[in-house]
Each structure stands twice: as C-alpha cells, then as structure tokens.
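Analysis of the macromolecular model
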Amino acid sequence: MSKQAQDQTLDPTRWRTLFVVAISQLMIVLDSSIMNIAIPSAKIDLGISDANQQWVITAYTLAFGSLLLLGGRIGDYMGRKKIFIIGLLGFAAASALGGIASTQGLLFASRALQGVFAALLAPAALAIISVTFSVPSERAKAFGVFGAISGGGAAIGLILGGTLTQYASWRWCLGVNTPIAILAAILAFKFVHESKASGDNTYDIPGVITATAGLFSLTYGFNEAATKGWSSTTTISFLAIAVILLMVFVAIEKKVANPLMPLRVITERNRGGSYLGSLVVGAGLFSMFLFLGLYLQVILGFSPLKSGFAFLPFTAGIIVFAGIASQLLPKVGPKPLMVPGLLFAGIGLLLLTRITPDTAYLTHVVPSLLIMSSGMALVFIPLTSTSLHGVSNHDTGVASAMLNTSQQIGGSLGTALLNTVAATATTTYAAANTELGKAVMPFAMTHGFTVAFKFSAGLLIAGAVVLFFFINIGKESLVETEGVIAH
C-alpha cells in the first residue's frame, strides 16, 4: 500500500484518542499508589484499626484483579468505547463517594467499586489503542506513551498523594479522580471510535464464575499471606480454593464453544511468555516501591511528600527510555530490548542492597532508581506489544485484560512473598545483633529491605530468562500481524 493510500485509511483522530486513553491509564496507575500516602490520615479521621487498614488497598485490588477478565470480554462484546466511557463515569462516581466517606465501611466499599469500574476501563483502554493504531512505528509510539505512564505513574501518584495529604486532605486523593474521569469521558465521546468483536458474543457463565472466584481467592490468599503469614489457615485455604477453581476454569474453557478466556490467547508462545514476564515484573516492581518507600520514611525520616519526590528519578528514567524503546522497537524487535532491560533492572535492584541506615539518598538510592527505570522502560513498551501479538479482533479485550491480570496477581504475590522474606530477615538480624542496643531496629529493618531487594532482583532475572526462551518474534512480525488486530 502506498504511503498516501495508507494515510487515507488511518484514523485522523488517533493521536487524540491516545491522549484520552493516556489520561484514563494515568488515573488508574495513580490510584494504585496515591492512597498509600493517604492511609495514615484516613486512619485517624475514620478510626480505622491497624488490622483493617490494609482494606483501603485490598478492597480495590481484589475487585480489580478478579474482574479484569470479565471486564475485557464485556468490552469486546458490548463495544470498547461504550464500556470505556461507562468505566470512566463509574470510576468518577466511586471516587467521589470515597472522598466524602464518613465511615470506614463506606470508604472500603467505594474502593471496591473503583476496582469494579477500573476492571472495565483498563482492558478497554489497551484494546482501543490496539485497534486504533495499525502502522507499526505509530503503534510502537502509542505503546511507548502507555508504557511510560504505566511505569512512571506510580511515582507521580506518591508525589500527588503527599501534596494533597499534606496541604489539603487525604480525601482529595480520591476526589481528584472525579474531574479527571469526567473530562476523559467527555473527550472519549468525541474522539474514540467504537469497535467490538464480531461473531459469537455469548457469555461463558461457568467460566465467568470460576475465573472471578478463582482470581478473587488467589488475590485474597496472597493478601492474607502478606498480613498473617503463609502458614495461616486462611492463607492456605484461599490459595487451595484458588488452585481448584482455576483448574476447573481451564477445563471449562477447553470444552465451551465461546470461552471467556480462549486458551488460544495464552497458548501462543509470545503472548504466554509476555503474561508470565508481566507477572514477574509486577512482583519485583511492587515490592521495590513498598520497601524503598518504607526505607525513605521510617529509616531516613523523609516526609510523605519528600518520599514521593524521591521517586522522581525513576519516573524521569521511565519517560526518557520509553521514548528510546518506542523508536527502537520497530527497528530491532522486542527481544533485544526486553531481555537486557530486565537484566539491567535487576542490577539496579541489586545496587539497592548496599543501603544502610547511614547511607545517603543521593549516593545509594538515585543511581539504582535511574538504572532500574531505564531497564524497566525497555521492558514495558515491547511487553505491551508482544502481549497483543497476532491476537484477533474478537479477543483483543480479553488479551489486554490478561496483561493487567498478570501484573495485578504479580503485585499481590510479590508483596506477600517479599513481606515474609523481609520480616523473617529483620527478626533474624535483630536476634543475632542484640549488642547494637537501641540502634538494632533501624539496622534490622534495613537488612530486611535489602534481602527483599535481592529476591526482587532474582525475580526480574528469572523474567529475563523466561522472555529469552519464549519470545521468538522479530521486527518483521510486528508488521505482519498489524492487520490481524486492525480489522
């Protein structure tokens, strides 16, 4: 096709569409980190106990993680634009409800509602980009923007959360979403084009029930492991139930005519490898934010706002290298970016293991953040592309949902696993170094964080090995498969 003919077939509003999708993605990513800063103030205001404080985060992640697959399918069948707008308006209303919550129950309920609408919104957003951008170089740029927001948005959330909590009220950490979501919905009406799956659009109800219940049990089991430990009866029960339900789900998906999660989506090696890689990246990255945030505030004595700003080098690195990755992706293909990127990020995490209560932020934290972010940016952009490689229009939403689901589950697993690792290392160190007297706890806690960073680095390096063996597409196939998604 000639350049002129190709230009005539392209959607003239595609860059505006990307802008709208970018706003919604930023809002979802911000929401996952902004509330971490707001928790201490919300606890005092609403009388939330230490035992219940996790629900401010867990209510959201449970609803979001367990409903993503269904959300992706609803978008495919009912129309991605329609579901995208419903997701935005629902998210706006749930955020407003959380912002005015007078009891902890209402706050937890509003957070769960946010998760429900985010599960509609996130897969639709990624599917819209996938359907709108049909030229490889443009799609790489679009995924570059999406990846930069996904990677850098969490740090921006920490700064915004710190600013709002310190100078306004924790309530604005929720309320800020409402005007953003409404604006995005208005722009979506104008600039986003409708697309939906053709063919059989019946819902696989047994699949919906087993997948949703299985993912809920899995996420809840990991959350319980993070708070009560892996040997807790609740943890073991929920994880066992999750395994059984997800095995039943796979058996159902093999038999039904129109499955919720067609096995063809995950059995293609490049997509399957991408989801596995995404799981590992989610586990490694979530824990980095968690433990480094604790180190900055508890050990170095940074204020919440200062801690947020301390993550800025990470955001800057992601944004700069996302641009580089989106330029390189159509030229070299995904694998030469992803494998070195994960190894580089792993090295950045290993450098963080040198921190002690006496080390300085500038010498020991900033270099690690810059190395990590440059590596992660080289992973995020190609990973988004390979996770949708060659998927048919019928399955775009559910393939997008699978990427989000693997990141969510990875985050929950990483937090639970590494919390246990850090807590065990802290206790062991404190018991072995009683001669330090009052100074023992800062040193013991920091030791716990560094051991967690070692495990996180191991996860990222394992992810590099997975992607090395699974990803076998070159730059040519990024071109070949464009038509599959675009039509």
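This text goes with the structure placed above it.
Scope of this entry: the structure provided in the associated data block. What you see is a predicted model, and the numbers here were worked out from it, not measured in a lab.

Rules and cut-offs
- Residues numbered from 1 in each chain as written.
- Predicted model: local features only at pLDDT ≥ 70, side-chain atom pairs only at ≥ 80, totals over all residues.
- Heavy atoms only, no water.
- Salt bridge = Lys/Arg side-chain N within 4 Å of Asp/Glu carboxyl O.
- Helix = DSSP H or I, 4+ residues; strand = E, 2+ residues; numbered from the N terminus.
- Buried < 20%, exposed > 50% of the residue type's maximum accessible area, 1.4 Å probe, protein only.
- Phe/Tyr/Trp six-rings, centres within 6.5 Å; stacked < 30°, edge-to-face > 60°.
- Lys NZ or Arg CZ within 6 Å of the ring centre and 35° of its normal.
- Contact = heavy atoms within 4.5 Å.

As a working rule, side chains carrying opposite charge can pair if their charged atoms are close by. In total, this model carries eight salt bridges according to the counting rule given. Ionic pairing is found between Asp-76 and Arg-73, a salt bridge with its closest N-O pair at 2.9 Å. You can see Asp-76 and its partner Arg-73 sitting in helix 3 (residues 55–78), three residues apart, about one turn around the helix. Exposure remark for Asp-76: the relative accessible area of 0% places this residue in the buried category. Taking the shortest distance from any N to any O, the salt bridge between Arg-73 and Asp-395 comes out at 2.9 Å. A residue pair is termed long-range when its members are at least 10 positions apart, and Arg-73 in helix 3 and Asp-395 in the loop between helix 17 (366–386) and helix 18 (396–432) qualify at 322 residues. The two residues Arg-73 and Asp-395 agree in class, both being buried. Through salt bridges that share partners, Arg-73, Asp-76, Arg-80, Arg-264 and Asp-395 make up one connected network.

Scanning all chains against the criterion turns up twelve aromatic pairs. A network of ring pairs unites the aromatic residues Trp-55, Phe-216, Tyr-220 and Phe-238 as a single cluster. One residue, Lys-306, lies across the ring of Phe-302, its end atom 4.3 Å from the ring centre. Cation over ring: Lys-335 sits above Phe-468, and NZ or CZ is 4.6 Å from the ring centre.

By secondary structure assignment, the location of Gln-408 is in helix 18. Since its relative accessible area comes to 11%, Gln-408 is described here as buried. Distance from Gln-408 to Phe-286, taken between C-alpha atoms, is 9.5 Å for residues 122 residues apart in sequence. Look past the residues within four positions of Gln-408 in its chain and what remains in contact with it is Thr-61, Phe-64, Gly-65 and Leu-68.

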